[in-house]
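Structural overview
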Amino acid sequence: MSESQDPKTTSNGTGDTEEATTAAPVATMAKDPAPSAGTGIVAQEERQAAGAIGAALADLGFGERPVELRAIPFAGTWGAASSVCRALASEVVLRELEAAGTLEGLSKKEVKRKVNEAVPARAQELAEQVAARIAGGQNGFAGVEAANGYVNVSFDANAVASRLVGEVLRQGPAYGRGAPRTEVVMVEHSQPNTHKAFHVGHLRNTCLGVATSRILAAAGYPVKDATYIGDIGMHVIKCLWCYERFHRGEEPADPAARGRWLGEIYAEAGARLDFRKEVLDLLHLLAQEDQVFVAAIDRLLKYLWRKNTEGEDIAYLLGRMTHAQEIKEDLLREEDVIPKFWPIVGEQLRDEVENQKPYVPVDGVPEPTTTPEERLARWETLAPQMEEWWPQVPAWREEVKETFQRWERQDEDFVSLWQETRGWSLADFERIFAELGARFDVWFFESQVEEPGRRMVQEMLDQGLAEISDGLPVVKIDAKLGLETETYRTLPILRSDGTTLYSTKDLALTKLKFEEYGVDRALWVVDVRQSLYFQQIAKILELAGFDQAAQAQHIGYEMVRLPEGVISSRKGNVPIYDDIRDAVLARAREIIEEKNPELATEAKEQVARQVGIGSLKYAMLARDITKVVVFDLEEALSFDGHAAPYVQYAHARACRILEHAGVTDETLLGSLEGLDFGAEQPEPTELGLLQGVAALPEEVQRAAAEYRPLLLTNYVYDLAKRFNDFYHACPVLQSPEPTRSARLALVAATRQALANGLELLGIEAPAVM
């Protein structure tokens, strides 16, 4: 055994692997859930090996010593190695040199050199003594050897394989699960807002939440799944304003379509209310990076002047455009100056597209972030609404304020409308959650914790924890903790007008989870941008005397991007979950048709759904939570790369082999006594596959300890790869007995381990593909 060790690996989404970070910096864990001692067959063998090494050391007079093991890294060898003799050799050599007086007068550096020179030989001597004592006992190991100061213990592969395969087939879907624990964990995930669309950005949250919950449950924890729905707030007010103002009575006849339709109304509300901002942002962009446009600004403004435009407005626009400064709408004297200027802007942008010139870099000027075509496209998106929307935006903003006051007054008609439309969104969410395998023990709503949050804020003000600063209640966390270095900063906990913030409600909700639901640990699965915020929430509660808040932990993850950039549900071109799902399912159907045209139509539809939804989930999980997911449809549906179809196909292939052999798990269990692969040691690919199957229990514990479903995606991918290597190297159905039965049993165990691993990720395992 060499001193080097392979790094843990994570997916980079391409089928290759990359070195993983040992912990996600976006998680603020109060403590790590310690994995229990391994319960799998290999873990038992390793404990026996550690016990034998420890007993041999005690027999040599070293007393009790902790014995750590690592897998022997040589192909075709199944066993464990310990470096304990190397550590002991250092102690022994130092004592002997001191007793002989050899180290007198030497510097620390010289002492270290002397010891290191003698350690290798003494380590090998100790390792040989330990190996001899283990080999002389009745331990059932295939072999024990001393190599370079390590003690390498080889397992009897056929014997271990018999026990391993028997354990997998007897436990079935329970294989890989750990012993029950008492600590109750609540996993809060899947927090969409009503009156908004469920987009692909929400998808990663739901997939991570479902997988994290299932993995923790498999590790032995009692788990409560919770969702926290944003059913109040300005997004609701804006959506209902737009609905009442422009679309009442236009609801889709199909109730199932109303949730998504409501999301479209919200997007329209944002487009209307932000119209002036979008227009002025485009003008600012042109001033910043369109050199041709800026060079033509004098001429363009002359055209505007000919439209009887106020001279002061022209001077203002000239100054702002030439100095690349933002245009403030309240500093424009004429209400229609921008609508009059807009056609002129469009003509210039069209000319730049039709008569493009090569970009010439200018020292000190950043390169453009957009192309002439992209700038024209933005102009064209805004142009159709210019005449109608620009003049009405100020009045619309006032109407939204009045709509908000109707909510604050709890206007009966408005509350009734809110309840009805809220139901449309919730019905849509339930459909999507069912598709993604998200089931909840508790549904929390922002509306239910708004008033408890207000009361908590008042209590914090009364006790002096919170104070009024710039007109609103805040908690100066660093000051309260006596920290001189800025760490947790200051968090506002209520608006100056008494309306609630996210913090108002999260303070109440966090306390509610522990007090009313009896949880010992509460996890927030929320994107990484909220990391500081959740640290602040926990610290404020601790300062308020709620010590359990230390067990509230944030699992932060990076965002999902498409080639267009970060997803925002305020934009009309938002990639809605349903659209992404439909595109994936359509492509999955095409692929299944190509690969298995003889499959029955109904079966094709079922498999396409299993593969399509599975590929979506896998793509969200097979990238470390510290890294952005760039969703690529073809990559997600790959049958050759690090993707769900590759793993699912391995499972289907195993099912097909067993079907052709006419065997079941029950018949195989009867032939496991003395499982024989036809050789003293199984073939390297057989051994590698056995090791892969054996690793599931420990991978479950590790994934639970680190809150990282990624480790399970890596596991199932690696197991599928090992199975494919085995499939191509080791004939199964054509092999003579007893090898045939042994390999069939191994195929059955692999199928079960793949199915169990996929199930923990929330992904179905098709029997045919």
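Residues numbered from 1 in each chain as written. Predicted model: local features only at pLDDT ≥ 70, side-chain atom pairs only at ≥ 80, totals over all residues. Heavy atoms only, no water.

Quick notes on the overall build of the protein chain
In terms of helices and strands, the protein chain carries 29 helices and 17 strands. Based on the C-alpha atoms only, the size of the protein chain along its principal axes is roughly 105 × 80 × 60 Å. For the protein chain, the proportion of contacts with a sequence separation of at least 24, taken over those separated by at least 6, is 76%. Summing over all exposed atoms, the protein chain offers an accessible surface of approximately 34800 Å²; the carbon and sulfur share of this is 48%. Here the protein chain contributes 82 positively and 120 negatively charged side chains, and the mean placements of these two sets differ by 2 Å. (Helix = DSSP H or I, 4+ residues; strand = E, 2+ residues; numbered from the N terminus. Contact = heavy atoms within 4.5 Å. Areas by Shrake-Rupley, 256 points an atom, 1.4 Å probe, with all protein chains shown as cover. Lys, Arg positive; Asp, Glu negative; His and termini not counted. Charge placed at Lys NZ, Arg CZ, Asp CG, Glu CD.)

Describing helix H13 (residues 372-382)
Residues Pro372, Arg375, Leu376, Trp379 and Leu382 constitute the buried set of H13. Viewed end-on, H13 has its buried residues packed into an arc of 125°, placing them on one side of the element. Tucked inside the fold, the buried residues of H13 contact helix H8 (275-289), helix H12 (337-354) and helix H14 (386-389). (Buried < 20%, exposed > 50% of the residue type's maximum accessible area, 1.4 Å probe, protein only. Arc of directions from axis to C-beta.)

Regarding the sheet that holds strand E10 (residues 467-469)
Judged by pairing direction, the sheet is antiparallel, and its three strands sit side by side in the order E10-E11-E12 without closing on themselves. Looking at the sheet topology across the chains shown, the edges are occupied by E10 and strand E12 (490-492). Direction aside, neighbouring strands of the sheet carry axes that sit 50° apart on average. Both E10 and strand E11 (residues 472-476) contribute to a ladder of three bridges, which runs antiparallel. Looking across to E11, one finds that serine 469 is bridged to leucine 472. Along the sheet, helix H20 (residues 531-543) contacts E11 and E12; its crossing angle with E12, the most-contacted strand, is approximately 90°. (Pairing = 2+ DSSP bridges. Axes fitted to C-alpha atoms, helices over the stretch in contact; angles between N-to-C directions.)

Some remarks on unusual backbone geometry
With the exception of glycine, most residues fall at negative phi, and the peptide bonds are largely trans. The omega torsion of the bond from glutamate 737 to proline 738 falls at 5°, within 30 degrees of zero and hence cis. Turning to its location among the elements, proline 738 is positioned in the loop between helix H28 (710-729) and helix H29 (739-760). The residue aspartate 470 is not glycine, and still its phi comes out positive at about 55°. For aspartate 470, the position within the fold is in the loop between E10 and E11.

Comments concerning the state of the cysteines
One pass over the structure, following the stated rule, counts zero disulfides. Summary of cysteine pairing: cysteine 730 is not part of a disulfide, and the nearest cysteine sulfur, belonging to cysteine 655, is at 19 Å. According to the relative accessible area criterion, cysteine 730 is buried, its value standing at 3%. (Disulfide = S-S within 2.5 Å.)

With respect to the packing of helix H10 (residues 297-305) against H12
Two quantities define a packed helix pair, namely the angle between the axes and the distance from one axis to the other. Two elements in contact, H10 and H12, have axes separated by 9 Å at closest approach and are oriented at 135°. Between H10 and H12, the interaxial angle falls into the category oblique. As H10 runs across H12, the sense of the crossing is right-handed. Residues Ile297, Arg299, Leu300, Leu301, Tyr303 and Leu304 of H10 touch H12, and the partners they reach there are Val337, Lys340, Phe341, Ile344 and Gln348. Split by residue class, the contact of H10 with H12 holds eight nonpolar, one polar and two charged. (Parallel < 35°, antiparallel > 145°, perpendicular 65-115°, else oblique. Left-handed = near helix turned anticlockwise from the far one by under 90°. Nonpolar A, V, L, I, M, F, W, Y, C, P; charged D, E, K, R; others polar.)

Points about the packing of helix H21 (residues 577-595) against helix H22 (residues 601-621)
Two elements in contact, H21 and H22, have axes separated by 8 Å at closest approach and are oriented at 130°. Viewed along their axes, H21 and H22 adopt a mutual orientation that is oblique. You can see that H21 and H22 cross each other, and the crossing is right-handed. Facing Tyr577, Ile580, Arg581, Val584, Leu585, Ala588, Arg589, Ile592 and Glu593 of H21, the residues of H22 in contact are Lys604, Glu605, Val607, Ala608, Arg609, Val611, Gly612, Ile613, Ser615 and Leu616.

Details of the environment of glycine 423
Note that glycine 423 resides in helix H16 (residues 412-436). Exposure remark for glycine 423: the relative accessible area of 32% places this residue in the partly exposed category. For the pair glycine 423 and leucine 164, spaced 259 residues apart in the sequence, the C-alpha separation amounts to 50 Å.

A word on the sheet that holds strand E13 (residues 521-527)
An order of E9-E8-E7-E13-E14 is seen for the five strands of this open sheet, with the pairing classed as parallel. What marks the edges here is a single partner per strand, and that holds for strand E9 (442-445) and strand E14 (552-557). On average, adjacent strands in this sheet sit at an angle of 25° to one another, irrespective of strand direction. The sheet contact formed by strand E7 (residues 185-188) and strand E8 (residues 223-229) spans four bridges and is parallel. From the neighbouring strand, methionine 186 faces E8, where its bridge partner is lysine 224.

Thoughts on the pairing of E13
Taken residue by residue, a regular strand's side chains alternate between the two faces of the sheet. Of all seven residues making up E13, seven are buried, and the element is well covered by its neighbours. As defined by bridge partners, E7 adjoins E13 across four bridges and the pair is classed as parallel. Its bridge partner lying in E13, valine 187 is registered against leucine 523. Taken together, the six bridges between E13 and E14 define a ladder with parallel strand orientation. Within E14, the position partnered with leucine 523 by the bridge is glutamine 553. Traced from E13 through H20 to E14, the parallel crossover comes out right-handed. (Right-handed = clockwise from strand over helix to strand, strands pointing away.)

Digging into the packing of aromatic side chains
Evaluation of the coordinates by the stated rule reveals 26 aromatic pairs. Note on phenylalanine 141 and phenylalanine 155: the rings are 6.5 Å apart at their centroids and 35° apart in plane angle, and the pair reads as tilted. With a gap of 14 residues between them, phenylalanine 141 in the loop between helix H3 (108-135) and strand E5 (143-147) and phenylalanine 155 in the loop between strand E6 (150-154) and helix H4 (157-171) connect regions that are remote in the sequence. With respect to class, phenylalanine 141 is no different from phenylalanine 155; both count as buried. Between tryptophan 261 and tryptophan 424 the ring centres are 6.4 Å apart and the planes differ by 55°, which places this aromatic pair in the tilted class. Taken together, the positions of tryptophan 261 in helix H7 (residues 258-273) and tryptophan 424 in helix H16 put the pair 163 residues apart, joining distant regions of the chain. Side by side, tryptophan 261 and tryptophan 424 carry an identical accessibility label, which is buried. Ring pairs connect the aromatic residues Phe198, Phe429, Phe433, Phe440, Trp443, Phe445 and Tyr577, which therefore count as one cluster. Lying over the aromatic face of phenylalanine 246, arginine 272 brings its terminal NZ or CZ to 3.6 Å of the ring centre. (Phe/Tyr/Trp six-rings, centres within 6.5 Å; stacked < 30°, edge-to-face > 60°. Lys NZ or Arg CZ within 6 Å of the ring centre and 35° of its normal.)

Points about the nonpolar core
Ile53, Trp78, Phe155, Leu164 and Val647 are the most contacted members of the largest nonpolar core, which totals 139 residues. At 11 residues, H29 tops the list of elements feeding residues into this core. Those residues in contact with leucine 164 that sit more than four places away from it in its chain are Ile41, Trp78, Tyr175, Leu690, Val693 and Ala694. The next biggest cluster of nonpolar side chains, apart from the first, holds 57 residues, and it includes Trp241, Phe275, Leu286 and Leu300. (Core = buried A, V, L, I, M, F, W, Y, C linked by side-chain atoms within 4.5 Å.)

Description of the confidence of the model for the protein chain
Overall, the predicted model of the protein chain reaches an average pLDDT of 91, with 93% of residues at or above 70. Below pLDDT 50 for its whole length, residues 1-37 participates in 99 contacts with residues either more than four positions away or in separate chains. (pLDDT = per-residue confidence, 0-100.)

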